Amino acid sequence: MRVLLISPNTLTVPYPVYPIGLDYVAGSIPARHEVRIADCNVLSHDELEALLAEYQPEVIGISCRNIDNTEAGDPLCFINRYKELVSWLRSRTQAILVCGGSGFNIMPEKILPDLGVDYGLVGEGERFGLLVEALEKQEDPERDPRRFDGLFLLIWHPYREGRSLGRSAQSYLPAGGRPLSLLS
Ligand code: B12
């Protein structure tokens, strides 16, 4: 499959950071898939648009590293920017959208439905490759969620084509995992 991993983080305080988490996610994807990383620190909006048109990704992973800047004196929240990115991507691609990252992990049960992505992977992204393989085979990850569980949880909210399929988002608690309230 053609996979695009996007780091939308452009925060420059205290300095721009390399999206190293996406390297780990990329490394989990078997080599026969094609993977590209788009770091918005160095890629303009127009360049991202051109990349989408040329590459035609089938799966897009979005890294939500920061949900806010944790600055009491000058607070910034980035959730709306992620939402805008998701709707912009939806208007330009049919790709399956997957969210993850350290900011996302803080409250995935809130962020996932708010963004309206197709899947959210909670915890380490090294299981992303399993999800890509399942999607390629058109398997429904919901049928055997234990395959994707490590120490953490996999949750998803099956939105397609901008609409909810009417199913509730699911969460699964493997042994040793932390509890997460089910989405409604
Ligand atoms: C090191 C660090 C820093 C360093 C970064 C140094 C550098 N050159 O990279 C410094 C001190 C500069 C820093 C600054 C900031 N940080 Co900081 N930082 C961290 C820390 C401790 C580790 C980050 C890291 O590198 N992890 C290692 C990588 C490999 O892991 P990862 O990115 O999490 O990626 C994994 C998963 O998240 C997941 N994943 C990631 N992306 C994706 C995408 C998909 C699709 C999927 C499926 C999975 C996935 O898979 C990856 C592999 O397992 C985390 C806390 C933590 N323990 O995670 C905070 C943390 C990321 N920082 C945070 C914050 C807020 C900031 C600042 C805004 C603080 C500030 N006001 O200055 C700035 C922002 C900087 C910027 N420009 O963006 C918050 C973000 C959460 C939030 N509140 O929004 C965290 C989580 C701390 C916290 N608990 O509040 N930070």
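To keep things clear, this report deals only with the structure shown in the data block. Keep in mind the model is a prediction, meaning the values are calculated, not measured.

### As for the overall build of the protein chain
Helix and strand content of the protein chain: five helices and nine strands. The order of α-helices and β-strands along the protein chain, N terminus first, is β-α-β-α-β-α-β-α-β-α-β-β-β-β. Intrachain contacts of the protein chain at a sequence separation of at least 6 include 65% that bridge at least 24 residues.

### Focus: the site of the ligand
Residues in close proximity to the ligand total 34 residues, the closest being Gly21, Gly61, Ser63, Gly100 and Gly125. Counting residues per element, the ones that place at least two in the shell around the ligand are α1 (20–27), β3 (59–63) and β4 (96–100). Among the elements that line the shell around the ligand, the one with the most residues is α1, at five residues. Taken together, the residues of the shell around the ligand sort by class into 17 nonpolar, 12 polar and five charged.

### Observations concerning the packing of helix α3 (residues 79–92) against helix α4 (residues 108–115)
Interaxial distance between α3 and α4 falls to 9 Å at its minimum, and their mutual angle equals 40°. Between α3 and α4, the angle is such that the two are oblique. Counting all contacts with α3, which are made through Ile79, Tyr82, Lys83 and Val86, the residues of α4 involved are Ile111, Asp114 and Leu115. For the contact of α3 with α4, a count of residues per class yields five nonpolar, no polar and two charged.

### Regarding α3
For α3, spanning 14 residues, the distance from its first C-alpha to its last is 20 Å, which sits close to the expected 20 Å at 1.5 Å a residue. For α3, every residue scored as buried is listed here: Tyr82, Leu85, Val86 and Leu89. End-on, the buried residues of α3 take up no more than an arc of 100°, which puts them together on one face. Turned more than 90 degrees off the buried face of α3, the exposed positions are Asn80, Glu84, Ser87 and Ser91. Those residues of α3 that are buried are in contact with β3, β4 and α4.

### Topic: helix α2 (residues 45–55)
Little of α2 sits out of view: just zero of its 11 residues are buried. Taken from the residues just after α2, Gln56 is the one with a positive phi, measuring 50°.

### What about the nonpolar core?
The biggest cluster of nonpolar side chains holds 34 residues, and the ones touching the most others in it are Ile60, Ile62, Leu97, Val98, Cys99 and Val117. When neighbours within four sequence positions are excluded, Cys99 is seen to be in contact with Ile62, Cys64, Phe104, Leu112, Leu115, Val117 and Gly120.

### Quick look at unusual backbone geometry
Of note, the amide linkage connecting Val13 to Pro14 takes the cis form, showing an omega dihedral of 0°. Note on placement: Pro14 falls in the loop between β1 (2–7) and α1. Backbone geometry at Thr70 places phi at a positive 50°, although glycine is not the residue there. For Thr70, the location among the structural elements is in the loop between β3 and α3. Exposure remark for Thr70: the 8 C-beta atoms within 10 Å place this residue in the exposed category.

### Looking at the pairing of β1
Among the six residues in β1, five count as buried, and that is most of the element. Relative to strand β2 (residues 34–39), β1 runs parallel, the two sharing six bridges. Each residue of the ladder has a partner; that of Leu4, found in β2, is Arg36. Crossover connection from β1 via α1 to parallel β2: handedness right-handed. Direction of pairing for β1 relative to β3: parallel, over a ladder of four bridges. From the neighbouring strand, Ile6 faces β3, where its bridge partner is Ile62.

Procedures and definitions
Residues numbered from 1 in each chain as written. Predicted model: local features only at pLDDT ≥ 70, side-chain atom pairs only at ≥ 80, totals over all residues. Helix = DSSP H or I, 4+ residues; strand = E, 2+ residues; numbered from the N terminus. Contact = placed C-beta atoms within 7 Å. Near = placed C-beta within 6 Å. Nonpolar A, V, L, I, M, F, W, Y, C, P; charged D, E, K, R; others polar. Axes fitted to C-alpha atoms, helices over the stretch in contact; angles between N-to-C directions. Parallel < 35°, antiparallel > 145°, perpendicular 65-115°, else oblique. Expected span 1.5 Å × (residues − 1). Buried ≥ 20, exposed ≤ 12 C-beta atoms within 10 Å, placed from the backbone. Arc of directions from axis to C-beta. Core = buried A, V, L, I, M, F, W, Y, C linked by C-beta atoms within 7 Å. Pairing = 2+ DSSP bridges. Right-handed = clockwise from strand over helix to strand, strands pointing away.

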